[in-house]
Amino acid sequence: MAYEHIDLAAYRLRQPADLPSLLGELHEFAVPEHWPGLIREVWEANSDKPVDAKKHLPVSRLNQSINALIPDVFYTGYEMDPESPNTWLYARKPVETRLLKRLMQAYLQEWLGDAADFPKLRRVISELDVENHAADWKPAAIDPAWVGINDSGTARVNPVLFRLIPEAIAERILAKGPFDGELHFVQAAAYDGVELVSWPPLEHPDTTKRGEPRIGYYSAVLKIALRITPFDSTPRLHLGIHTRRWVSEGKLFIPPRKSASVFVQPLPDPDTGFQGTRLATPSLKSYNGGKRTVWYRSGPQGVLDRLTIGEKFPEAGRLGTDPAAYLSPGSPIRAAVTHHSQMGPHIVATGVMPEERRRILSWAAEAVEDAFEPGLGLAPTLLGRPRQPREYQKLRSMPTAPDVIDEPESGASLDEIDEYEQFLTSMVEYEAEKVVAETKRSIQSEENAQRYRNLLSRSLDGEELRIDVVTDTDAVRDALVAAAQDALGLEPTSEGTPEGQTLFQRDGLTVRLVHHDTGTLTSPLGDGVEPPDVGKAHKAAVDERKKQVQEFFGNLGRAAKLAFVEIGSPDKNFKYRYRRADPYIAIRQGAARAGRVTQFITTDGKGDLAMRAKSAWEDGIRSIGIAPTPRHSKNVTTPDDLVQVAIWLIRRNTTQVASAPIYMPIAVKIQPGQAGVQAKTPETDGWIPYHELLCQLAGAEPRPKEMADKGKQREELMRFARTVVSQFKGLPTLLLTSATNMRSRWTWLLDDGLELDRISFGEPKSHKLTTMFKGLRTVRVRTDAGRLETPMWWAAPEDKDAIAGMSKGLWQLTDADEENRVFYSLADKNPHIKNPGRLRKFTRDGTNAPAPHRATPIPKMLELTVAGLGPGDPDPVHWAMFVHQQRFTPEFMEGRALPYILTLCERAGDYASPDGLPDDGRGEAADELAPPEPGIQGTLFDDEW
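Conventions we followed
Residues numbered from 1 in each chain as written. Predicted model: local features only at pLDDT ≥ 70, side-chain atom pairs only at ≥ 80, totals over all residues. Heavy atoms only, no water. Helix = DSSP H or I, 4+ residues; strand = E, 2+ residues; numbered from the N terminus. Buried < 20%, exposed > 50% of the residue type's maximum accessible area, 1.4 Å probe, protein only. Contact = heavy atoms within 4.5 Å. Expected span 1.5 Å × (residues − 1). Core = buried A, V, L, I, M, F, W, Y, C linked by side-chain atoms within 4.5 Å. Salt bridge = Lys/Arg side-chain N within 4 Å of Asp/Glu carboxyl O. Phe/Tyr/Trp six-rings, centres within 6.5 Å; stacked < 30°, edge-to-face > 60°. Lys NZ or Arg CZ within 6 Å of the ring centre and 35° of its normal. Pairing = 2+ DSSP bridges. Axes fitted to C-alpha atoms, helices over the stretch in contact; angles between N-to-C directions. Patch = residues over 30% accessible without salt bridge, like charges linked within 9 Å, V, L, I, M, F, W, Y side chains within 5 Å. Areas by Shrake-Rupley, 256 points an atom, 1.4 Å probe, with all protein chains shown as cover. Lys, Arg positive; Asp, Glu negative; His and termini not counted. Charge placed at Lys NZ, Arg CZ, Asp CG, Glu CD. pLDDT = per-residue confidence, 0-100. Parallel < 35°, antiparallel > 145°, perpendicular 65-115°, else oblique. Left-handed = near helix turned anticlockwise from the far one by under 90°. Nonpolar A, V, L, I, M, F, W, Y, C, P; charged D, E, K, R; others polar.

You'll find the protein chain entered in an unreviewed UniProt entry as DUF3893 domain-containing protein, with Myceligenerans crystallogenes given as the organism.

Take a look at the structure:
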């Protein structure tokens, strides 16, 4: 079904004058002038670093404790600084000084620890004199001027509103009561927007393969955020609904240097009787390969633990060994550990289908009708839905065989005989359709293979493509050969082929697979029994394996650019503390030193081996920069000789398995007539082949210590970006950037930093493209980033009683005109999702129970801002359509998460960031365990936070 309209869970503020009535009566509390010095004194007594080296006081855990325990508090400032223009606390009414004093005392005592200097603590508490500052609470003056417009026509919003407005909306939604009478929400303490979590957790009963009962716990998460959009003068309220799964069985696994959020409802404070209505959200970390689980130091649990009575705050150790212990209804205190895909499978699947999105979010939006306009809508762009030329044809689908009906026995009824005869007729028709379909598929497959061979021939320019295939099992080796054979459409050449090689040749194209046994290259690091210890032992084991791998490939020469390597699945072979024995980083870095990009494939990975081998082949070929570039439709009138350039920022922090932090801007270029994709870094002399970039990144040197400074990082990025852009003066060039990847260092990419047809490299004054960078066009791409940066959506049917669905294409706001610069790109739905209908996760649909076990991924929306154009350029929609169609690569026509050139940038980032489970054939791309920060790209589908 084709949809002509999309509804967004995005709502414009009616007018700034509504702010006072929207927020209601509030009181504010500014930090007394002498408090920071006293808190700094306690901090200095317990910090190994000089206090002056710290920028702000460490009040995060105090703020989280206040958010969790005091329901009237709307907002806590990020810093406790009397010179800051921002108020520290906003609340519905002044907080009782007894409770605030108790919290301050518990907070300071937590800093001092069990060996506290109690005379010092008593003196500091006395000098804080919290009780005598009750008069410092004052009625808050909500100023409509907090919302304005900048020179580019973009909304300008006082930062405090990004918390106050979502808090006020959450209050209204909670006042509505449970959704459908079933789904009860409570608020969780959060720093970015507001989260309402269905609580207590929902239960999904299931059985194991042995028939033993088990329960999967999960919740609905309703997120509320205030956002602004480039060149839109009005801020928007975004609402979102997601599935959050809780760790429900087994031992807790947290990957190294990651943390897992825990949602806890604290018990009452003994002195004041207060019990927080919000869920506290501390975090857990694991050490020694999962042997020891502790509360992450920045969380509120230490403060709250000193206030609770009866059952203490959940024990971190028990959550580590039995994370479901606090989930059962009989537990005195309920606590749930957030589950993520890195932790393994879960009974409950991710995603929320469009119809349930529409029902819940429309219900929530009823609470804001007086202050916000009705939800925004999208319509197809003026270009319509052009058919994108395909490098490959989509293979014709095979007909479905009719259900088998047994031949009726003697004495059968006429109806049974008639039904059987209809079955025989259907079978004849099916067999005829099957022959036609198979013939058509065979022709299409050969044509696709011919186009693929032509592409490789053009990219290789007569050079032989030599690939090392390092396997441990015949099954994986044969699957990779079959994948190559299927892609090339050729049978291996046996005549004259040396033993241990597979050769494909035709029309000047030569592809040679050279087979090797893995030997000990892929064996676990360490002594084979225990993983190496953290630190020097692990580094020594990695260095030794890198040297072994480098020597192995070095002895083979440098003719090959790519190596397929069979390796054990991390989910089965390297969990918990055995993760330190995973050799893949050492293999990748050692092979890179020998000039080879590595593509891993697992012996025992998830899914069909043939499909995994096919994906590995495609990813491997793409890694050496000779994959087919997406083509755009004929009605998109962009220049034929357009150069695509993308700038990307790679940041790798120190991790247990990769101890060297990296900060490196890169650029990737796709240019017509250029053999393969090229790339550049500040250290390279000119442009280099893409695979050489990956090899350099795999063994990148640690960043200099001075580059830990954000100012230095910004300066280097600006120098690099200006140098790259300046190389294309006078040439038709499209610069693509990712807002979520670089805006913290390149402030021009901020929503209120973009200017029409101008660009800035950190200078006070921006540059006009027509004078300084003639021929340059710029498009900024923004993802959801797990923060509702792009709105949640559903395809709306014309019949309001019909079911909401999904639709792909390029869209714009229904009230957009020809000068519109902001567009929305949607990829195709997951082809494995069939007839979702009224499928629900959280509530019943009539007599049908929820189906939380069904995976329901929905494509994420990309926001495309055509920020920079030149005189005489085609309308902005043409450039947006060009970028939208760059998501649909010939071998993946359902659509990628990002345009192709940004996908290559993200792939390069994976090479320099080997601290998670990479999307490299060894498993699914991993979700981040902590809430995503700017710079972390999302996956293609809206799964979970």
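Bringing the overall build of the protein chain into the picture now. Broken down by element type, the protein chain carries 21 helices and 37 strands. Looking at the 945 residues of the protein chain, the share that counts as buried comes to 57%. Relative to all contacts within the protein chain whose residues are 6 or more apart in sequence, the contacts with residues 24 or more apart total 74%.

Now for helix α21 (residues 900-912). If you check α21, its first and last C-alpha atoms are 19 Å apart, about what 13 residues at 1.5 Å a residue would give, namely 18 Å. All buried positions along α21 are accounted for by Tyr-900, Ile-901, Leu-902, Thr-903, Leu-904, Cys-905, Arg-907, Ala-908, Gly-909, Tyr-911 and Ala-912.

A word on the nonpolar core. Judged by nonpolar contacts, the single largest core of 54 residues is most densely connected at Leu-161 and Phe-372. Elements represented by at least two residues in this core include exactly α1 (19-23), β4 (73-76), β8 (155-157), α6 (161-175), β10 (194-198), β12 (213-227), β13 (236-245) and α9 (354-365). Ranked by residues supplied to this core, first place goes to α6 with seven residues. Not counting chain neighbours up to four residues away, the residues in contact with Leu-161 comprise Leu-19, Leu-23, Trp-146, Val-147, Pro-166 and Leu-226.

The next point concerns the pattern of salt bridges. Oppositely charged side chains can pair when the atoms bearing their charge come close. Counted according to the given criterion, the structure contains 36 salt bridges. Linking Arg-743 and Glu-789 is a salt bridge whose minimum nitrogen-to-oxygen distance equals 2.4 Å. With Arg-743 in the loop between α18 (739-742) and β29 (758-759) and Glu-789 in the loop between β31 (776-782) and β32 (793-795), the pair connects residues that are 46 residues apart, well separated along the chain. Taken individually, Arg-743 and Glu-789 each receive the classification buried, so the pair is uniform in this respect. A salt bridge links Arg-782 to Glu-863, with the nearest nitrogen and oxygen atoms 3.1 Å apart. Taken together, the positions of Arg-782 in strand β31 and Glu-863 in strand β36 (residues 861-868) put the pair 81 residues apart, joining distant regions of the chain. Comparing Arg-782 with Glu-863 shows no difference in burial state: the two are buried.

Attention now goes to the packing of aromatic side chains. Inspection of the entire model under this criterion finds 17 aromatic pairs. Between the aromatic rings of Phe-761 and Phe-773, the centroid separation amounts to 5.6 Å while the plane-to-plane angle is 65°, which identifies the pairing as edge-to-face. Taken together, the residues Phe-761 in the loop between β29 and β30 (767-768) and Phe-773 in the loop between α19 (769-772) and β31 connect sequence positions twelve residues apart. We note that Phe-761, like Phe-773, is buried. Taken together, the aromatic side chains of Phe-29, Trp-35, Trp-88 and Trp-137 make up a single cluster linked through ring pairs. Here the guanidinium or amino end of Lys-729 rests over the ring plane of Phe-773, the centre of that ring lying 5.5 Å away.

Judged by pairing direction, the sheet is antiparallel, and its four strands sit side by side in the order β16-β15-β14-β17 without closing on themselves. With one partner strand each, in any of the chains shown, β16 (292-295) and β17 (335-337) form the two edges of the open sheet. When strand polarity is set aside, the average angle formed by the axes of neighbouring strands in this sheet is 30°. By the bridge criterion, four bridges tie strand β15 (residues 283-287) to β16 in an arrangement that is antiparallel. Within β16, the position partnered with Leu-284 by the bridge is Trp-295.

Judged by side-chain charge, Asp-406, Glu-409, Asp-415, Glu-416, Asp-418, Glu-419 and Glu-421 come together as a negatively charged surface patch. Within the secondary structure, Asp-418 is located in helix α10 (residues 414-460).

With that out of the way, let us pick up the sheet that holds strand β3 (residues 27-29). Taken in spatial order, the four strands make up an open sheet running β4-β5-β3-β6, and their pairing is antiparallel. Edge positions in the sheet fall to β4 and β6 (138-139), since each of these pairs with one other strand and no more. Note: β3 against strand β5 (residues 89-91), three bridges, orientation antiparallel. Looking at β5, one finds that His-27 is bridged to Ala-91. Set on the sheet, helix α3 (residues 60-69) makes contact with β4 and β5; between it and β4 the angle comes to about 170°. Sheet strands touched by α6: β4 and β5. Its angle to β4, the strand with the most contacts, is close to 155°.

A separate point is the confidence of the model for the protein chain. Scored by pLDDT, the protein chain has a mean of 83; 85% of the residues are at 70 or more. Low pLDDT, under 50, characterises residues 914-945; the stretch is placed with 126 contacts to residues that sit more than four places away or in other chains.

Right, let's get into the pairing of strand β23 (residues 597-602). Within β23, six of the six residues are buried, leaving the element largely enclosed by the surrounding structure. A two-sided burial pattern is seen for β23, the buried positions comprising Val-597, Gln-599 and Ile-601 on one face and Thr-598, Phe-600 and Thr-602 on the other. The sheet contact formed by strand β22 (residues 562-567) and β23 spans six bridges and is parallel. The residue of β23 that forms the bridge with Ile-567 is Thr-602.

This part is about the side chain of Thr-733. For Thr-733, the position within the fold is in strand β28 (residues 733-738). Overall, the relative accessible area of 3% leaves Thr-733 in the buried class. Apart from the residues lying within four places of it in its own chain, the contact partners of Thr-733 are Leu-642, Val-643, Val-645, Phe-728, Gly-775, Leu-776 and Arg-777.

The subject of this paragraph is unusual backbone geometry. Keep in mind that most residues, glycine aside, have a negative phi and that most peptide bonds are trans. Geometrically, the link from Trp-199 to Pro-200 is a cis peptide bond, its omega value of 0° lying close to zero. Mapped onto the elements of the fold, Pro-200 is located in the loop between β10 and β11 (202-207). Of note in this structure, Asp-129 is not a glycine but carries a positive phi near 55°. Relative to the assigned elements, Asp-129 resides in the loop between α5 (118-128) and β6. A positive phi angle, close to 60°, is found at Asp-180, a residue other than glycine. Residue position: Asp-180 is located in the loop between α6 and β9 (185-188). For Asp-180, a relative accessible area of 39% gives the class partly exposed.

What follows covers the packing of helix α11 (residues 474-488) against helix α15 (residues 609-623). Running from amino to carboxyl end, α11 crosses α15 at an angle of 60°, the nearest separation of the two axes being 8 Å. Taken together, the axes of α11 and α15 lie oblique to each other. Between α11 and α15 the crossing geometry is right-handed. Together, Ala-475, Val-476, Ala-479, Leu-480, Ala-483, Ala-484 and Ala-487 of α11 and Leu-609, Ala-613, Lys-614, Ala-616 and Trp-617 of α15 make up the contact between the two elements. In terms of residue class, the contact of α11 with α15 is made up of eleven nonpolar, no polar and one charged.

Within the secondary structure, Tyr-430 sits in helix α10. With near-sequence residues (within four places) excluded, Tyr-430 lies in contact with Pro-399, Thr-400, Ala-401 and Pro-402.

The subject of this paragraph is the environment of Thr-510. Here Thr-510 lies in strand β21 (residues 509-517). Since its relative accessible area comes to 14%, Thr-510 is described here as buried. As a C-alpha pair, Thr-510 and Gly-462 span 48 residues in sequence and 8.3 Å in three-dimensional space. When residues no more than four places from it in sequence are discounted, the contact partners of Thr-510 are Glu-464, Leu-465, Leu-503, Phe-504 and Gln-505.

Once that is clear, we can look at the packing of helix α12 (residues 536-554) against helix α14 (residues 584-593). Relative to each other, α12 and α14 sit at 40°, their axes nearing to 7 Å. Relative to α14, the element α12 lies oblique. Of the two elements, α12 crosses α14, and the hand of that crossing is right-handed. On the side of α12, the interface is formed by Val-542, Arg-545, Lys-546, Val-549, Gln-550 and Phe-553, while α14 contributes Ala-586, Ile-587, Gln-589, Gly-590, Ala-591 and Arg-593.

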